[in-house]
Number of protein chains: 2
Amino acid sequence: MRLTSKGRYAVTAMLDLAFHSQLKPVTLIDIAARQTISLSYLEQLFARLRRANLVKGVRGPGGGYSLCSNACDISIAEIVAAVGERIDATKCGGEANCQKHHACLTHDLWMDLGDHIKSYLQQITLADLLAKGRVQEVAERQNQEARQVIEIRNHADLMNDIK
Amino acid sequence: MRLTSKGRYAVTAMLDLAFHSQLKPVTLIDIAARQTISLSYLEQLFARLRRANLVKGVRGPGGGYSLCSNACDISIAEIVAAVGERIDATKCGGEANCQKHHACLTHDLWMDLGDHIKSYLQQITLADLLAKGRVQEVAERQNQEARQVIEIRNHADLMNDIK
DNA sequence: TACTTAACCTAGTAAAATAGTCAACTAATA
DNA sequence: TATTAGTTGACTATTTTACTAGGTTAAGTA
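Student: Quick question: what am I supposed to make of the interface of chain B and chain A here?
Tutor: Interface extent is often summarised as the accessible area lost during association of the parts. Contact with chain B, which involves 46 residues of that partner, is made by 46 residues of chain A. Summing both partners gives a buried area of about 4100 Å² for chain B against chain A, and 61% of it is carried by carbon and sulfur. The interface formed by chain B and chain A contains 2 salt bridges. Residue Asp-108 of chain B pairs with Arg-134 of chain A through a salt bridge whose shortest N-O separation is 3.6 Å. Linking chain B with chain A are 16 residue pairs in polar contact (both at pLDDT 80 or more).

Student: Just to check I follow, could you spell out the protein's contact with DNA strand D for this structure?
Tutor: Neighbouring DNA strand D are 24 residues, the closest being Tyr-9, Gln-44 and Arg-59 of chain A together with Arg-50 and Tyr-65 of chain B. A breakdown of the atoms of DNA strand D within 4 Å of the protein gives sugar and phosphate a share of 68%. Lys-6 of chain A is positioned such that a nitrogen or oxygen atom in its backbone is 3.1 Å from a phosphate oxygen of DNA strand D. At the level of secondary structure, the elements contributing two or more residues to the surface near DNA strand D comprise helix H1 (5–20) and helix H3 (39–51) of chain A together with helix H3 (39–51) and strand S2 (64–67) of chain B. Residue classes in the surface near DNA strand D are distributed as 8 nonpolar, 10 polar and 6 charged.

Student: Would you mind showing me how to read the pairing of strand S1 (residues 55–58) of chain B here?
Tutor: Residue and element names in this part refer to chain B. Pairing between S1 and S2: 4 bridges, direction antiparallel. Among the inter-strand pairings, Lys-56 is bridged to a residue of S2, identified as Ser-66. Connecting S1 to the next strand, S2, in antiparallel fashion are 5 residues, including Gly-60 with a positive phi near 80 degrees.

Student: I would appreciate a short explanation of the protein's contact with DNA strand C in the present structure.
Tutor: In the vicinity of DNA strand C, 25 residues are found, and the nearest of them are Arg-50 and Tyr-65 of chain A together with Ser-38, Gln-44 and Arg-59 of chain B. Here DNA strand C approaches the protein such that, of its atoms within 4 Å, sugar and phosphate make up 67%. Interatomic distance of 3.1 Å between a side-chain N/O atom of Thr-4 of chain B and a phosphate oxygen of DNA strand C. In this structure, a phosphate oxygen belonging to DNA strand C sits 3.3 Å away from a main-chain N or O atom of Lys-6 of chain B. Secondary-structure elements contributing two or more residues to the surface near DNA strand C are H3, strand S1 (55–58) and strand S2 (64–67) of chain A together with helix H1 (5–20) and H3 of chain B. Taken together, the residues of the surface near DNA strand C sort by class into 8 nonpolar, 11 polar and 6 charged.

Student: Please explain unusual backbone geometry as it appears in this structure.
Tutor: It is generally the case that most residues other than glycine have a negative phi and that most peptide bonds are trans. Unusually for a residue other than glycine, His-101 of chain A sits at a positive phi of about 70 degrees. As for its position among the elements, His-101 of chain A is in the loop between helix H4 (76–82) and helix H5 (107–122). Judged by relative accessible area, which is 74%, His-101 of chain A ranks as exposed. The phi torsion at Ala-96 of chain B lies on the positive side, around 65 degrees, for a residue other than glycine. As for its placement among the helices and strands, Ala-96 of chain B is situated in the loop between helix H4 (76–82) and helix H5 (107–122). With relative accessibility at 26%, the residue Ala-96 of chain B sits in the partly exposed group.

Student: Looking at this structure, I do not really get the packing of aromatic side chains. What am I missing?
Tutor: Two measures describe an aromatic ring pair: the distance that separates the ring centres and the angle between the ring planes. Residues and elements named next belong to chain A. In the structure shown here, the tally under the stated rule is 4 aromatic pairs over all chains. Between Tyr-9 and Tyr-41, the aromatic rings sit 5.9 Å apart at their centres with planes inclined by 80 degrees, giving edge-to-face as the arrangement. Here Tyr-41 lies in helix H3 and Tyr-9 lies in helix H1, a separation of 32 residues in the sequence.

Student: Would you mind showing me how to read the side chain of Arg-8 of chain A here?
Tutor: By secondary structure assignment, the location of Arg-8 of chain A is in helix H1. One buried charged residue, Arg-8 of chain A, remains without a salt bridge, the closest side chain of opposite sign being Glu-85 of chain A at 7.1 Å. In this structure, Arg-8 of chain A is in contact with Leu-3 of chain A together with Met-1, Ala-89, Thr-90, Lys-91, Thr-106 and Trp-110 of chain B, ignoring residues within four places of it in sequence.

Student: How do you make sense of a positive patch on the surface when you look at a structure like this?
Tutor: On the surface, Arg-48, Arg-50, Arg-51 and Arg-59 of chain A cluster together to form a positively charged patch. Note on placement: Arg-51 of chain A falls in helix H3.

Student: Sorry if this is basic, but what is going on with helix H2 (residues 28–35) of chain A here?
Tutor: Along an α-helix, a turn takes 3.6 residues, which lines up residues three or four apart on a common side. In terms of burial, H2 of chain A is a largely internal element, 6 of the 8 residues being buried. Of all the residues in H2 of chain A, the buried ones are Leu-28, Asp-30, Ile-31, Ala-32, Arg-34 and Gln-35 of chain A.

Each value, and the rule that gives it
Per chain, residues are indexed from 1 in the order of the written sequence. The order in which chains are written sets their letters, starting at A; the order in which ligands are written sets their numbers, starting at 1. Owing to the predicted nature of the model, reporting of local features is limited to residues with pLDDT of at least 70; listing and counting of side-chain atom pairs is limited to 80 or more, with chain, interface and lining totals taken over all residues. Hydrogens and water molecules were not included; the side-chain quantities draw on all heavy atoms of the structure. Whether two residues touch is decided by their heavy atoms; if any such pair falls within 4.5 Å, the residues are in contact. Accessible area that two parts lose when put together, with a 1.4 Å probe and added across both, is what the buried area reports. By salt bridge we mean one thing: a side-chain nitrogen of Lys or Arg within 4 Å of a carboxyl oxygen of Asp or Glu. Polar contact criterion, stated in full: a pair of N or O atoms within 3.5 Å, where within protein one must be able to donate a hydrogen and the other to accept it, and residues adjacent in sequence count only if both atoms are side-chain atoms. Throughout, the term near means that a residue has one or more heavy atoms lying within 4 Å of the molecule or strand in question. Per the convention used, a helix needs a DSSP run of H or I reaching at least four residues, while a strand needs a run of E reaching at least two, with both numbered from the N terminus. The residue classification treats Ala, Val, Leu, Ile, Met, Phe, Trp, Tyr, Cys and Pro as nonpolar and Asp, Glu, Lys and Arg as charged. All others, Gly included, are polar. Paired strands are those between which DSSP finds at least two bridges. Buried, partly exposed and exposed residues are distinguished by accessible area as a fraction of the type maximum, computed with a 1.4 Å probe on protein chains only: under 20%, between the cut-offs, and over 50%, respectively. For Phe, Tyr and Trp, rings pair up if their centres lie within 6.5 Å, where Trp contributes its six-membered ring, and each pair is then called stacked (planes under 30 degrees apart), edge-to-face (over 60) or tilted (otherwise). We score Asp and Glu as negative and Lys and Arg as positive, and we do not count His or the chain ends. A patch is a set of surface residues, each over 30% in relative accessible area and not in a salt bridge, joined within 9 Å for like charges and within 5 Å for the nonpolar side chains Val, Leu, Ile, Met, Phe, Trp and Tyr. The protein chains shown are the only cover counted for residues, whose accessible areas, like all others here, come from Shrake-Rupley with a 1.4 Å probe. For the purpose of locating charges, the reference atoms are NZ of Lys, CZ of Arg, CG of Asp and CD of Glu.

Shown next, in the form of structure tokens:
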């Protein structure tokens, strides 16, 4: 089992999306700036998130990504699974052939651990995270910091929208 | 966070030890044969287990390893930590400086997940695993299979002991 | 129609970690 | 003294990670 930056980035980006995509799609450029994640890497992760039907992309100016479902219907487990992080803790992937076609001495332990983690991540949704005070705080701070980068661009867009 | 063969091997070997070292120390050669783990790799793992005061080694003929404490006092979390597997799920190792000296958007989520896994593995001891029927079954099977390799040697030892 | 935007796609790559191997050395026992 | 088995350190093939670089395609905008 491994949970690396791949899964962390995916969840962080999805949470950013849930936070900012209420009105219109959010570009990966914005997410990359706010969350300090490499744009190209984000693109690769979102290719998988799209294939898993978690997000939908809109091309062209004013485009970007938005969630396919409500934030309360997207669990952390789904996101982590979508980008290919193995939550399973066994060597055999649950096949019980870890030692010469048989279960190894600790097979059940790792199965139970995997189930335990999976059910924990399944019960947490993006909406749950959005509701937390700490998350709101951090998101606010990121807005402040990324303002120079993002808002100048968005401001121009907004002016055009008003026209 | 990652839980790889390193941690799995360590727990498996410790469980094998708990099972077989009641009477006398168990050699890594025996463990390697029963659990199909590379001997040299086992040596590296046991160096760390020894430094963590989980096992003690006895040199020379009749030597081997035995547990430092009772099986009911050794948790899976201790073993996994001893061989250096990071159970922590954060990028920052709990320092909360994951994004430019501040906490990232999902810092708390990964902290909570890490705590959750850690407390799960802390409450399970080697004795708990030994008590399980499945573990007994597998250990029996391994004894059968490894008999050709191990018992011939042990039989000779036993004859000498009787003399 | 030309231009810009941003999604979408493919291939490559430096660095790190994993899961080992190999070889030597030390201590205890028979 | 020979053997056993722990102890140690250095080295290595393979895999994965987290990227970068470069393109193509679709949709709006001037």
